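# Inside the fold
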Amino acid sequence: MAALTLHMSARRSGGWDRRPKRISASSSSSRRQDSSCSIMPAACGKGAMNGTHATGNGTTCTHTNNIGNGVLHASPSTCENVNPSATSTTGSSSDSDSVQWDSTLLFYLNGLRCSLTNVYPEMTLLQYLRLRGLTGTKLGCGEGGCGACTVMVSSWDSVSGKPRHLSVNACLAPLASMDGCAITTVEGIGSMREGVHPLQRRIAELHGSQCGYCTPGIIMAMYTLFRAHPEASAAFIEENMDGNLCRCTGYRPLLDAAKTLVAPAGRAGGGCCRGTGGGCPCKEGEGSDLPVPHEGKTDVHVHATTEGRAADLTRYPSLASDPTTEPIFPPELALALPRPLRFASPKMTWYRPTTLSSLLSLKASFPHARLIAGNTEVGIETKFKHVPTPVVLTPLAVPELCSISLTHDGKGIAVGGAVTLARLEHFITHDEAGFKSTEGGKEVGRDGWKARGLEALHAQLRWFASNQIRNVASLAGNLATASPISDMNPALISLGATVSLASLKGGEREVPVREFFKGYRKVELKEEEVIKSITLPLPTSPFEFIAPFKQARRREDDISIVTACLRVRLAPAPPSLPGSSGWVVEEAGFGFGGMAPTTVAAPKTEAFLIGKPWTQETILLAGNILREDLPLPATVPGGQPEYRRTLPPSFLLKFFIKATLELETYLALSMPFSASLPPAPIIPPADRSAARSFLTEPKPATRGEQKFTSVRAGDGLQEHVPSAPHTPAPADEVEKGRGAVGKPLMHRSGLAQATGEAKYTDDLPMPPPPGLLHGVLVTSSRPYARLIAVDATEALAMEGVVRFISAKDIPRGGGNKIGAVVKDEECFATEEVHHIGAVIGILVAETEAAAAEGSRAVKIVYEDLGPVITNIEEGLKHGSFFAHDHTIESGPKVDQVLTAAREDKDGAVVVEGEMKIGGQEHFYLETNATYVIPGEGGALEVWASTQNPSKTQNFCAYVCGLPANQVVCRMKRMGGGFGGKETRSVFVSCTAALAAHLTRRPVRVSLDRDVDMHITGQRHAFVAKYRAAATREGNLLALDVEMFNNGGFSLDLSGPVMDRALFHIDNCYRWPSLRARGRIVRTHQASHTAFRGFGGPQGMVICEAIIDHLASALGMDPMVMRGLNFYKEGEKTHFGQELIRWHVPRAWDEAMREGGVDRRRASVDAFNRKHRFRKRGLCVIPTKFGISFTAKFMNQGGALVHVYQDGTVLVSHGGTEMGQGLHTKVCQIAARAFGLEEGKVHIAETATDRVANSQPTAASMSTDLYGMATLDACQQILKRLAPVREGLEAKSGAKEVPWVSVVQAAYFSRIDLSAHGFYIVADNMCGYDWEKVGAKSNEERGQPFNYFTQGAAVAEVEVDCLTGDARVVRADVVMDVGASINPAIDIGQIEGAFVQGYGWLTTEELIWGDADHPWVKAGSLLTRGPGAYKIPAFNDVPIDFRVTLMKDVENPVAVHSSKAIGEPPFFMAASAFFAIKDAVGAYRRQERGVEGWFPFYGPASTERIRMACCDDFVAASMEEGIVPEAFQAKGSW
């Protein structure tokens, strides 16, 4: 199969040598590769280090001072001043006298030799890389949960004689653990200057990079897979991308890009044709999906598929067939033996012993020392819980602990205490124990059953954490951590595993794993002991069956809610058993996690089963006993008691069916040996699918299709006249065609992002400059309290701390009151705090570590206040509202219509209900960051990751007491925003700006992920109470709805968010009579804010829930009811806007046709009849999303265009780039205007000194505003150039004069080649005045939207009704985007929005401390990191994902007839939500005979899905008095 061609060799002073080159082991002593260290001159120049450094060939970079101090962004001056002789505060071991401890760390970084002395053991690899300027490796979460920090770490495998390549989370990996390793970062595999790697290029060109922050980590994860597995298949890629998250793309283009680098199925190998056909077509068309003409009016129709790309674009030879292209592993490392290492700092001493006796001696001397393998647990404790770790021992160089083999008696597998989970996984998958002898690829041995226990372990390992974690974490470490929700420990209990413990004085002892756990996080492990090995017994009978189970919020990389491993050994029933001729249980071993403070067995159930017949009746009885074994109180920590009680008996039933089917298969394959044995119990065909589990099934092969027309001509605002902007394009404009506009070009920053060269705020600059201060916010730990005292004395006495700044430090003329719409917040809390995380001050220090430690040392005294209001229901109870209170009414009086409908018993139906929908964390991969540089005369330059440069500029100036013209805000790019950086980034920038202003030193503030999630707010949770009516025929009559959202502690944008929900409460349906009221609840949470869709999705999902309720009451298919009630062209919405160019009915029809809905509805129904425990659901949902800021003044935009003498163009505009492709589209617009290739146009950063008074990049309006403003500026310049062009043409007689000639002639004629463009949406096309005096109708209040982006989506899902697991089988999205400026970018926005919306409605659940979650501190957000909050992962993408852009649709009121696309597709994921409900409804009807409507709140978590599938298991889990059919899982609304 095809893989990557990798041209890597020793690095020369000029860069990578791309010529293939082989170095033999005989050159190991040579130091040719030592040309320089990765330490950059800025950090390692003259005087920066106490050792030597040179960039010439043959010189080794050796540092003799302490490296790090455990801090990221440590300045060179800090490194200089560290005491080289610093020693540990701990004692030394007796063994230390005899062991020659080395303190030199040797590794290679991107091919360069680095030798570091006295490394600070606290420092992570990520900190080191970024400190040295390698900023392609990103900090996304700091806990190994997002993969943004992924690098490849290679080490020599002496057994295979080859290097072993592993992907590793650099944010957790200690730098000290890199000894003997070769580290490769994204910069090391390719660059734009020296050559882009095929993988980097392919991901960029196939639109796999949007914001780009996650891109380097994803590339390195994929790159490592290709390097470690040269013949990797597409299935292998899908199986192993579980350690990286992407918030923008929806994953499909990333997977497609990887699949083009492997051979398609059934093809022996990929590779370039090498010109065999004359020329080399493989090197042509290396761009977007299909070639598109540059000019002309002919439309190009594109139908791209995953399979087509894989077939057309595979052109890289296999690594295995050309080994000379492999990167060189340093021979020095290949021949080196592990050395005993010791690194010390004032806070930690790190030991790496190389013998077991040395390890045990150290543990005896330091009984409290922590043993770490991958630092995946201790690293998190150190960072987030601030647990001190004075002594660390790593056993990775102890041979006895690194082995895995059969035990001497052949009855088990002994796994060494340092064996990684990945190594164990490899041992199992490659059958290193030799149980499965094969011939011709088929298993022929009779001992395969002995591997069943290992296979159960492997099934759990596949889903355990991520590749990056498994590569470094050990089974022993997982065991010793004693997590009650460990996936591995239940399997160890079930298998009857034992653990071997060793100590210096006590020798070795064996402990059964089921006796190992003594309490929460407590184990049978003495302080001086280490885990030497774990023994896994093998099955003793071919009739021993084992199965693992796990249920979490998300399948990939998620901690379990409940996990289990179940094992039974069956035997033919003895003749003495009355009435039995089948099988009985001879032995049982059950292990469970998530059901107690420790991993537990189920002894009563195990005992009950012994000797019982193996029948479903027995299993159901055992399920009752299991509840006695696993009691959970209603107030159990972690919550979800009913769900957790339901899962074990559900698992048991699944196990029975699975084991029985395996028995059936074994008996059939063992004839004639099995002829004398009883048959397996009969499992009805409909029940058999219960045996299926995502744990044991291959991850599905995903695919996608994209259909669009690249429109070459179209109407639109090509000519912009500010006084009359909505005039049609003149004939010559239409004749000219669209030029660069309409091409599916890749993102302009795609390659820079893929190579790690794209810079984000926290990358500016790296290495850090002298004098840089690091700021850490000091925040409230109470949700509602009075501030009694704030004392920073202790913090200020700490080394490196410079200053603590609070409200009292705001200079005269400055202000402390800030806010998005009204100033109802304080930049620094003064008298009271109103939420956990309220900013009280900022502490600045010389290093980030000093700033963090100092911030924790600030003493704050509170006086708690009350009541603490933490959700909407509590707000309603206490009457806690903001003043904002808007109502829309249209048509006849709602009360009268509803009363009449209720009385008309034969002609109408009336329903009442409630809908709740949770909030959503933005989870932009780049957290909020600001870098402020003070300038002359008090001026400030603010680099911020913000969607709102102007507001950032204005408030930074306001807080510092400066005029706005003294503050410049710059924004290069964001690593995602989604609305979360529209307003909630501003207060972070203000704190940094004030610190820089007061200290006159540069200040950087970069929020940790957990802090960012806790203090910057999320999407608003909504609760709606409604009454609605419809005729018996399904025609809507009336809707009365009152909506409440959770605004948090301040108003922020909650008012406009609610207004948009009110505008979208109709979705696409005409309600003849409607009344909608929206109110905002004030709570003691961080202020909730804008998020993609801005309240529109909440309003529409409430509408669809009401439609679903009415359809159920009428006994009608909801899809039929939706189709009956669409608006018609020319009708007016409930807020009075006429619908013109109304394409929803057409989009609906296309979605029904493209999605084959009628055929698939029949197929889904047939599937459900054949499968009792798995159900499918199907749903079609339409959308219309209004485009404009609803505040009229905000519908304006400016741009500045410069044409240079060489003909190139520089554009600056007021919009910000966060991955949505805005800059790319604006470049296309400018290129089209000037008739240039798009590469001739460049956009620098957004800056307030270039385009002033800009609006936030939000509301999906940016292309409309800034594209038109850019076009206006271009046309001004073209008008000035027209006479010059005419003169040159007349003089030369040529029909067309080169562009450069015209520009140069204009320059010498003193014609201005710069212009400022400006655009406003026409007055009558935007702005809705809720308070307009004298308005007699909604129409008179104004028109809130310029136009609507429209569409429809079909989703089919499959649900495991026994666990709640759900998967999107197929999704079809049809969108009206007008004449797309860039179809590839628009499709990327659609796919990314759909997956993000799917997360909102399924896996993403915010959990706050409130009355429903008493185990969480009141007002505290529990889910504040990727470990607890689960955005969709690679495995959550729809298996079949199809997107169609409607053709022949125009939009004359936007630039080049295009439409906004950022937010509108987000709601399309509601099709999956209601499809899940459709599947659940099928199960309820079958199992409980429950017909009709049932409430189904969002998100549809695994808990809500399973508990809505009410059956006997659910009923048995209820607290007394709770009706299972009416049960609702708790949520934070």
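## Topic: the sheet that holds strand 53 (residues 1440–1445)
One open sheet holds the 6 strands; their spatial order is 9-27-53-52-51-45, and the pairing between them is mixed. Edge positions in the sheet fall to strand 9 (300–305) and strand 45 (1174–1187), since each has one partner strand and no second. Adjacent strand axes in the sheet meet at a mean angle of 10° when their direction is disregarded. Judged from the 5 bridges that link them, strand 27 (residues 703–710) and strand 53 form a sheet pairing that is parallel. Counterpart to G704 in the pairing with strand 53 is F1441.

## What about the pattern of salt bridges?
This model, assessed by the stated rule, comprises 96 salt bridges. For E846, the salt bridge is made with R1001, and the minimal N-O distance between the two is 2.9 Å. Of this pair, E846 sits in the loop between strand 34 (839–845) and helix 23 (848–857) while R1001 sits in the loop between helix 27 (986–999) and strand 41 (1003–1006), and the two are 155 residues apart along the sequence. A relative accessible area of 25% places E846 in the partly exposed class. Residue R1001 is classed as partly exposed on the basis of its relative accessible area of 22%.

## Re the packing of helix 18 (residues 616–629) against helix 19 (residues 641–669)
At their nearest, the axes of helix 18 and helix 19 sit 9 Å apart, and the two run at 155° to each other. In terms of orientation, helix 18 lies roughly antiparallel with respect to helix 19. For the pair helix 18 and helix 19, the sense of crossing is right-handed. The segment helix 18 lies against helix 19, with Q616, I619, A622, G623, L626 and R627 engaging P648, P649, L652, L653 and F656. Residue composition of the contact of helix 18 with helix 19, by class: 8 nonpolar, 2 polar and 1 charged.

## Regarding the environment of S1517
Along the polypeptide, S1517 turns up in the segment after helix 40 (1512–1516). The spatial distance from the C-alpha of S1517 to the C-alpha of L632 is 9.6 Å, given a sequence separation of 885 residues. Those residues in contact with S1517 that lie beyond four places of it in its chain are E642, R645, T646 and M1507. Here the side chain of S1517 touches T646 through a polar contact of 2.9 Å, side chain to side chain. A polar contact of 2.7 Å, which involves the side chain of S1517, links it to the backbone oxygen of V1514.

## Description of the environment of S405
Mapped onto the fold, S405 is located in strand 14 (residues 404–406). For the pair S405 and T535, spaced 130 residues apart in sequence, the C-alpha to C-alpha distance is 9.7 Å. When near neighbours in sequence (up to four residues on either side) are disregarded, S405 contacts G412, I413 and A414.

## Things to note about the environment of S1006
Structurally, S1006 is set in strand 41. Between the C-alpha atom of S1006 and that of H774, which follows or precedes it by 232 residues, the distance is 8.5 Å. If we ignore the near neighbours within four places in the chain, the residues touching S1006 are D762, T927, N928 and A929.

## Some remarks on the confidence of the model for the chain
Here the chain shows a mean pLDDT of 89. Residues at 70 or above account for 88%. Overall, residues 319–323 carries pLDDT values under 50, and its contacts beyond four positions in sequence, including any with other chains, amount to 10 contacts.

## Some points on the pairing of strand 15 (residues 412–416)
Burial of strand 15 is extensive: 4 of the 5 residues sit out of reach of the surface. Connecting strand 14 to the next strand, strand 15, in antiparallel fashion are 5 residues, including G410 with a positive phi near 75°. Summarising the sheet, strand 15 and strand 22 (residues 530–537) pair through 5 bridges and their orientation is antiparallel. Across the sheet, residue G416 finds its bridge partner in strand 22, namely S533.

## Brief notes about the side chain of R247
With respect to the helices and strands, the residue R247 is situated in the loop between helix 6 (234–240) and helix 7 (252–259). At 2.9 Å, the side chain of R247 and the backbone oxygen of H922 are in polar contact.

## Looking at helix 33 (residues 1157–1170)
Its 14 residues place the ends of helix 33 20 Å apart at the C-alpha level, agreeing with the 20 Å of an ideal helix rising 1.5 Å per residue. For helix 33, the complete set of buried residues consists of V1157, R1160, R1161, V1164, F1167 and N1168. Across the axial projection of helix 33, the buried residues extend over an arc of 125°, all falling on one side. Along helix 33, the residues that are exposed and aim more than 90 degrees away from the buried face are D1158, R1159, R1169 and K1170. As for helix 33, its buried residues are in contact with helix 31 (1118–1124), helix 32 (1144–1154), strand 45, strand 51 (1347–1360), strand 52 (1366–1376) and helix 38 (1470–1488).

## Re the side chain of R470
Structurally, R470 can be placed in helix 14 (residues 467–470). The class for R470 is buried, based on a relative accessible area of 1%. A polar side-chain atom of R470 sits 2.8 Å from the main-chain carbonyl oxygen of F464. Not counting residues within four places of it along the chain, the set of residues in contact with R470 comprises D242, T420, L421, A422, E425, L461, R462, F464 and A465.

## Quick look at the nonpolar core
Formed by 280 residues in total, the largest nonpolar core has its most connected members in F592, W614, M1043, W1071, I1102 and L1110. No other element matches helix 19, which puts 13 residues into this core. Once you skip the residues sitting within four places of it in the chain, W1071 turns out to touch A1028, A1029, L1036, A1038, L1039, I1065, D1066, C1103, I1106, I1107 and L1110. Core analysis: the second largest hydrophobic core is formed by 77 residues, L129, A170, L172 and L421 among them.

## Brief notes about the packing of aromatic side chains
Applying the stated criterion to the full structure yields 34 aromatic pairs. Look at F881 and F1044: their rings are 6.3 Å apart centre to centre, the planes differ by 35°, and that puts the pair in the tilted class. Of this pair, F881 sits in strand 36 (residues 881–890) while F1044 sits in strand 43 (residues 1036–1048), and the two are 163 residues apart along the sequence. What links up through ring pairs into an aromatic cluster is the set F1063, F1135, Y1328, W1330, F1345 and F1348.

## Structural notes on the sheet that holds strand 15
The 5 strands are arranged 14-15-22-18-19 in an open sheet whose pairing can be described as antiparallel. Edge positions in the sheet fall to strand 14 and strand 19 (507–512), since each of these pairs with one other strand and no more. If you compare each strand with its neighbour and ignore which way they point, the axes differ by 20° on average.

## Quick notes on the packing of helix 34 (residues 1222–1234) against helix 35 (residues 1262–1292)
One can describe the packing of helix 34 onto helix 35 by two numbers: an axis separation of 9 Å at closest approach and a directional angle of 25°. By the angle class used here, helix 34 and helix 35 are roughly parallel. The element helix 34 and its partner helix 35 pack so that their crossing is right-handed. Only S1262, T1263, Y1266, G1267, T1270, L1271, C1274, I1277 and L1278 of helix 35 make contact with helix 34, whose side of the interface consists of L1222, K1225, V1226, I1229, A1230, A1233 and F1234. When its residues are assigned to classes, the contact of helix 34 with helix 35 shows 11 nonpolar, 4 polar and 1 charged.

## Considerations on unusual backbone geometry
Cis geometry is found at the peptide bond from M671 to P672, where omega equals 0°. Inspection of the secondary structure assignment puts P672 in the loop between helix 19 and strand 27. Across the junction of G1498 and P1499, the peptide omega takes the value 5°, indicating a cis bond. Tracing the backbone shows P1499 in the loop between helix 38 and helix 39 (1502–1508). For N375, which is not glycine, the phi dihedral falls at a positive 65°. For A465, which is not glycine, the phi torsion reads 50° and is therefore positive. Counting through the fold element by element, A465 comes out in the loop between helix 13 (452–462) and helix 14. Given the relative accessible area of 16%, A465 is considered buried.

Reading guide: rules and limits
Residue positions are given per chain, counted from 1 along the sequence in the order it is written. Only residues with pLDDT of at least 70 are given local features in this predicted model, and only at 80 or more are side-chain atom pairs given and counted; all residues enter the totals for whole chains, interfaces and linings. Based on all heavy atoms of the structure, the side-chain values leave hydrogens and waters out of the count. By definition, two strands form a pair when at least two bridges between them are found by DSSP. Starting at the N terminus, helices and strands are each numbered in turn, a helix being any DSSP run of H or I of at least four residues and a strand any DSSP run of E of at least two. Axis definition: a line fit to C-alpha positions, over the contact stretch in the case of helices; interaxial angles, taken between N-to-C directions, run 0 to 180 degrees. The salt bridge definition used is simple: a Lys or Arg side-chain nitrogen within 4 Å of an Asp or Glu carboxyl oxygen. To sort residues, take the accessible area from a 1.4 Å probe on protein chains only and compare it with the maximum for the residue type: under 20% means buried, over 50% means exposed, and anything in between is partly exposed. When an angle is under 35 degrees it counts as roughly parallel; over 145 it counts as roughly antiparallel; between 65 and 115 it counts as roughly perpendicular; any other value is oblique. Crossing handedness follows the turn of the near helix against the far one: under a right angle anticlockwise gives a left-handed crossing, and clockwise gives a right-handed one. When checking whether two residues touch, look at their non-hydrogen atoms; a contact exists if any pair is within 4.5 Å. Residue polarity follows a fixed list, in which Ala, Val, Leu, Ile, Met, Phe, Trp, Tyr, Cys and Pro are nonpolar, Asp, Glu, Lys and Arg are charged, and the others, Gly among them, are polar. Any N or O atom pair separated by 3.5 Å or less is treated as a polar contact, with the protein-specific requirement of one donor-capable and one acceptor-capable atom, and with residues adjacent in sequence counted only for side-chain atom pairs. Every residue carries a pLDDT, the predictor's confidence in it, which falls somewhere between 0 and 100. Multiplying 1.5 Å by the residue count of a helix minus one yields the expected span of that helix. Here the arc refers to the directions that run from the helix axis out to each C-beta atom. To qualify as a nonpolar core, a set must consist of buried Ala, Val, Leu, Ile, Met, Phe, Trp, Tyr and Cys residues joined through side-chain atoms within 4.5 Å. What counts as a ring pair is set by centres within 6.5 Å for rings of Phe, Tyr and Trp (its six-membered ring), and what kind of pair is set by the plane angle: stacked under 30 degrees, edge-to-face over 60, tilted for all other angles.

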